[in-house]
Amino acid sequence: MADKQISLPAKLINGGIAGLIGVTCVFPIDLAKTRLQNQQNGQRMYTSLSDCLIKTIRSEGYFGMYRGAAVNLTLVTPEKAIKLAANDFFRHHLSKDGKKLTLMKEMLAGCGAGTCQVIVTTPMEMLKIQLQDAGRIAAQKKLMAAQAQLSSSPAAGAAEPVVETRTTATQITRELLRSKGIAGLYKGLGATLLRDVPFSIVYFPLFANLNKLGQKDPNVKAPFYVSFLSGCVAGSTAAVAVNPCDVIKTRLQSLQRGVNEDTYSGILDCTKKIWQKEGPTAFFKGAYCRALVIAPLFGIAQVVYFIGIAEFLLDMLPKPRA
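Looking at an unreviewed UniProt entry, one finds the chain named Mitochondrial glutamate carrier 1 and attributed to Lepidothrix coronata. Its UniProt record gives the chain the following Catalytic activity (unreviewed entry) comment, quoted word for word: "L-glutamate(in) + H(+)(in) = L-glutamate(out) + H(+)(out)". For the record of the chain, the UniProt heading Subcellular location (unreviewed entry) holds the text "Mitochondrion inner membrane".

Structure, rendered in structure tokens:
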């Protein structure tokens, strides 16, 4: 990220624009990522990204791919604003007399940004995961009911059809607040920190250094396509690097479980059970989906940020009279 300072309203607009475009474009892939990560051996409903999306459309319709998108659309603006603002804040205070930041200080600024953003990220992910994974659990129950009906004798009669009861983010929020208080929305906070802090430590310095390669003059911004490609490469690299933490976070934050699926008491318990029962490759479930989600999302974010769309829009607003 460049070291330039941008006003908070501009950051909010930048974050909102990038988030809205990103969620609209890549949310179905994110839904597939969540479902692929949550399914355990012996209970696999989907074999790949394409298989998951095809089955989702068949069973839930086209808009089934956007279950949970409303949560992201609502909270992605403050999340992105906090991430960008925090990184700029820490970079500004770690730099001395405008001197170039060392790699260690760039990583430290990224660490601070990742720590700050979990205030919004944790409840957003908590609600989104419940809505995204509900279709997988419902489909699994229908499949189990159909198999049970086939294996039962004709005299037993037809089994009761499995009807999915759809819940909303508001209902989930109310129930969590009623039963567990504000802590219910922050379940998996430790795992979220374990994912987002290393992500920011990798992403921000990598982006800043890749973007500098496209700058012919240190005082002139890199072309927009350089910022886009730098955001894509840095985002996908960081996403794959922290995917094991994302798998653990997804499992811990899921409130509903499929048939015969494990439950977990914490990060260490989750890590141990995944390693023992599913093997080390399970920690990279959905890694390519996550790379496909993060790459364009952060590429778009950086282009919006560096082009200065927000500043242009703010300049268009009428100025108050003196």
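**As for the side chain of S254**
Residue placement: S254 occurs in the loop between α8 (243-253) and α9 (267-278). Reaching out from S254, the side chain makes a polar contact with the side chain of N38 at a distance of 2.8 Å. Separated by 2.8 Å, the side chain of S254 and the backbone oxygen of T250 make a polar contact. Setting aside chain neighbours within four positions, we find S254 in contact with N38, I129, Q130 and K187.

**Focus on helix α3 (residues 69-94)**
Each α-helix winds once per 3.6 residues, and so residues spaced three or four apart point in a common direction. The end-to-end C-alpha separation of α3 is 36 Å, in line with the 38 Å expected for 26 residues at 1.5 Å each. If you look at α3, its biggest bend is around 45°, right at L75, and the proline P78 turns up within four residues after that.

**What about the environment of L193?**
As for its position among the elements, L193 is in helix α6 (residues 189-213). Spatially, the C-alpha atoms of L193 and C111 are 9.8 Å apart, while their sequence positions differ by 82 residues. Ignoring anything within four residues of it in the chain, the contact list for L193 reads T115, V118 and P198.

**Observations regarding the packing of α6 against α8**
α8 packs onto α6 with a crossing angle of 160° between their chain directions and a minimal axis gap of 9 Å. What the angle tells us is that α6 and α8 run roughly antiparallel. In this structure, the crossing between α6 and α8 has a hand that is left-handed. Residue-level contacts link A191, T192, L194 and R195 of α6 to C245, D246, K249, L252 and Q253 of α8. Grouping the amino acids of the contact of α6 with α8 by side-chain chemistry returns four nonpolar, two polar and three charged.

**Focus on the packing of aromatic side chains**
Under the counting rule described, the total for this entry stands at eight aromatic pairs. On the numbers, 5.8 Å between centres and 10° between planes, the contact of F199 with Y203 is stacked. Remark: Y203 and F199 occur in helix α6; sequence separation between them is four residues, near one turn of the helix. We note that F199, like Y203, is buried. On the numbers, 5.1 Å between centres and 75° between planes, the contact of Y203 with F204 is edge-to-face. The pair Y203 / F204 is uniform in exposure class, with both members buried. Pairwise contacts between aromatic rings join F27, Y62, F63 and Y66 into one cluster.

**Examining the packing of α3 against α6**
Helix-helix packing: each pair is described by the crossing angle between the helix axes and the interaxial distance. The geometry of α3 relative to α6 is characterised by a closest axis approach of 12 Å and an angle of 70° between their N-to-C directions. Considered as vectors, α3 and α6 are oriented roughly perpendicular to each other. On α6, the residues that touch K83, N87 and R91 of α3 are F199, S200, F204 and A208. Partitioned by chemical class, the residues of the contact of α3 with α6 number three nonpolar, two polar and two charged.

**Focus on the state of the cysteines**
For the coordinates displayed, the defined rule picks out zero disulfides. Lacking any disulfide linkage, C111 is separated from the closest cysteine sulfur, that of C116, by 9.4 Å. Overall, the relative accessible area of 27% leaves C116 in the partly exposed class.

**Topic: the pattern of salt bridges**
Within the structure shown, the criterion is met by 19 salt bridges. Among the salt bridges present, the one from E60 reaches R67, with a minimum N-O distance of 3.1 Å. Ionic pairing is found between K128 and E125, a salt bridge with its closest N-O pair at 3.1 Å. Of this pair, K128 and E125 both sit in helix α4 (residues 103-151), three residues apart, roughly one helical turn. Comparing K128 with E125, the two get one shared label, buried. Each of D30, K33, E125, K128, R195, D196, D246 and K249 takes part in one network of salt bridges that share partners.

What counts and what doesn't
Residues numbered from 1 in each chain as written. Predicted model: local features only at pLDDT ≥ 70, side-chain atom pairs only at ≥ 80, totals over all residues. Heavy atoms only, no water. UniProt positions renumbered as here; feature names shortened; annotations may be inferred. Helix = DSSP H or I, 4+ residues; strand = E, 2+ residues; numbered from the N terminus. Polar contact = N/O pair within 3.5 Å; in protein donor to acceptor, adjacent residues only side chain to side chain. Contact = heavy atoms within 4.5 Å. Expected span 1.5 Å × (residues − 1). Bend = angle between axes of the 7 residues up to and from the residue. Axes fitted to C-alpha atoms, helices over the stretch in contact; angles between N-to-C directions. Parallel < 35°, antiparallel > 145°, perpendicular 65-115°, else oblique. Left-handed = near helix turned anticlockwise from the far one by under 90°. Nonpolar A, V, L, I, M, F, W, Y, C, P; charged D, E, K, R; others polar. Phe/Tyr/Trp six-rings, centres within 6.5 Å; stacked < 30°, edge-to-face > 60°. Buried < 20%, exposed > 50% of the residue type's maximum accessible area, 1.4 Å probe, protein only. Disulfide = S-S within 2.5 Å. Salt bridge = Lys/Arg side-chain N within 4 Å of Asp/Glu carboxyl O.

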